[in-house]
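# Survey of secondary and tertiary structure
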Amino acid sequence: MTADLPADFQPLRTERLTLRPLRPEDAAELHRLVNDWEVAKTLARVPFPYPRALADEWIASTQAQMQARTAWHLAITGLEAAGEPGEREVLVGCIGLTAHATKREAELGYWIGRRFWGHGVGPEAAARLASWALANLELDRLVASALVENARSQALLRRIGFRETGDGVREFLARGGTMPVKLYELTRADLPLAAPALADQPQASGGANILLVAACALIDPDGRVLLARRPEGKPMAGLWEFPGGKVQAGETPEAALIRELKEELAIDVAESCLAPFAFASHPLGERHLLMPLYLCRRWEGRVAPLEGQALAWVRPNKLADYAMPPADKPLVALLRDFL
C-alpha cells in the first residue's frame, strides 16, 4: 500500500499553535527548554543534564525519520509580541509520534517548556497531532504512557480521548532506571467527534434512525477499483471507503451518487451507468446504516480529489489490505469475487 504522507510535511495549526518540522536554528532554544530537571524527569528518552550538542544531533535525526516515515517529531510554536508592532515565533515544546515496526500503531510523546505550563498548550497540540495521525497514517491506534506520579500528563491524555489500558514500567534516562507508568491508547472510535445530523432520515418501525448512504465502486479500464480515504474531522477519519454519501431528503440513491461524485471527484455520471450491485446493513449506535453499492465503469471527466481526500486505485484482490469501516468490509469480498 502506498503511503499518502507528502515528503514536504505541511505544518499543522490550531487556534494558537503551529506544529512544524524542527529546524537546525531551533537547537539552542530547544536545549534551553528541555535542559530543565522538572521537564526532563518526566521523559523516558531524555538524559539530564542534556548536552547542547545532542540538540543538534537529534534535530538532524528527526528529518531523516520523517522522510523514512518511522517517526514524526515536531516543534510546537506560538506567537508573542516582539516589542515593536508585529509578532515573533516562539518555541514552546516538542511533540512526536514513533511508529511501531510491526504493528499498526504509533506512540505519542510530548514535552512543554516550564514557562508555558498551565496554558493548555499540551492538550491543544496533542489533540491536533492525534487527530491528524489517525486520519493520514496507516494506523489503527495511538499509544502513550505517563509516569504514575505525573497526574498532569495522565489528565491530559484522558482529556483528549485516550483510555487507560493498564500499568507498566519504562526506562527513564534522566532517572537512571525503570519507573512505573500508566499505559493508554486512542482509536478512531475514541476521538471526540460530533455525530452527523439525522434530520429528514427515515425511521424504522422499531424506532431506529435509518441512515441511507449511497456508495459507488468506480472501475477503471484496468479493472481497478477507486477507494477514498475519509479526511480528518469526519467520523472514522483515515479509513478507506467507496466514494458516495448520504442521500438527502427527496433524493433517490442514484441522484445522490451523481451529486456526490460530482462534488467529491469532479466527474459526471449518467444514471444509466450506475448498476445496483449489493448493499450493506450495519448498526451504528442509535442509528442503522443502509448502504446500496453501485458499480460504474463509465463517466465523464478526470477523477480529482476536490475535498482534499486521498485516493487509491486498487486491484480487487488487494482491497482487503485497506482498513475500511465495518459496513464496507462485507462488500469487499463480493466485489472481489465478481471482478
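Our subject in this report is the structure included herewith. As the structure is a prediction and not an experimental result, all values here were calculated from the model.

A word on the nonpolar core. Core analysis: the biggest nonpolar cluster contains 53 residues, and Leu30, Ile95, Leu97, Leu129, Trp132, Leu142 and Phe162 have the highest contact counts within it. Broken down by element, the residue count for this core peaks at eight residues, all from helix H4 (residues 121–136). Those residues within four positions of Leu97 in sequence are excluded, and the remaining contacts are Thr70, Ala71, Trp72, Ala106, Glu107, Leu108, Leu129, Trp132, Ala133, Leu137 and Leu142. Grouped together as the second largest cluster of nonpolar side chains are 24 residues, Leu295, Leu319, Met324 and Val332 included.

Tallied over the full model, the rule gives five aromatic pairs. Between Phe9 and Trp132 the ring centres are 5.3 Å apart and the planes differ by 80 degrees, which places this aromatic pair in the edge-to-face class. Taken together, the residues span a long stretch of sequence, with Phe9 in the segment before strand S1 (12–13) and Trp132 in helix H4 at a distance of 123 residues. Residue classification places Phe9 among the buried residues on the basis of a relative accessible area of 8%.

Across a sheet, paired strands are connected by hydrogen bonds in the backbone, their directions being either parallel or antiparallel. Reading across the sheet, the four strands line up as S12-S9-S14-S13 and stay open at both edges, with mixed pairing between neighbours. Of all the strands in the sheet, just strand S12 (244–246) and strand S13 (275–284) have a single pairing partner and so form its edges. Between one strand axis and the next, the sheet turns by 20 degrees as a mean value, whatever way the strands run. As paired strands, strand S9 (residues 209–218) and S12 are joined by three bridges and run antiparallel to one another. Residue pairing for S12: Val213 is matched across the bridge by Lys246. On top of the sheet, helix H7 (residues 329–338) reaches S9, S13 and strand S14 (287–296); it is set at about 160 degrees to S13, its chief contact.

Criteria and cut-off values
Per chain, residues are indexed from 1 in the order of the written sequence. pLDDT decides what is reported in this predicted model: residues at 70 or higher carry local features, side-chain atom pairs at 80 or more are listed and counted, and totals for whole chains, interfaces and linings draw on all residues regardless. Note: side-chain values were computed over all heavy atoms of the structure, leaving out hydrogens and water. To qualify as a nonpolar core, a set must consist of buried Ala, Val, Leu, Ile, Met, Phe, Trp, Tyr and Cys residues joined through side-chain atoms within 4.5 Å. Note on exposure labels: buried denotes an accessible area under 20% of the residue type's maximum, exposed denotes more than 50%, and partly exposed covers the range between, all computed with a 1.4 Å probe on protein chains only. In this description a helix means any DSSP run of H or I spanning at least four residues, a strand means any run of E spanning at least two, and both kinds are numbered starting from the N terminus. Contacts: residue pairs with any heavy atoms within 4.5 Å of one another. Any pair of Phe, Tyr and Trp rings, taking the six-membered ring for Trp, is counted once the centres come within 6.5 Å. Such a pair is stacked with planes under 30 degrees apart, edge-to-face with planes over 60 apart, and tilted for the rest. In this description, strands pair whenever DSSP reports at least two bridges between them. Orientation is described by lines fitted to C-alpha atoms, with helices fitted over the stretch in contact, and by angles between N-to-C directions that extend from 0 to 180 degrees.

Any link to function would need more than the numbers given here.
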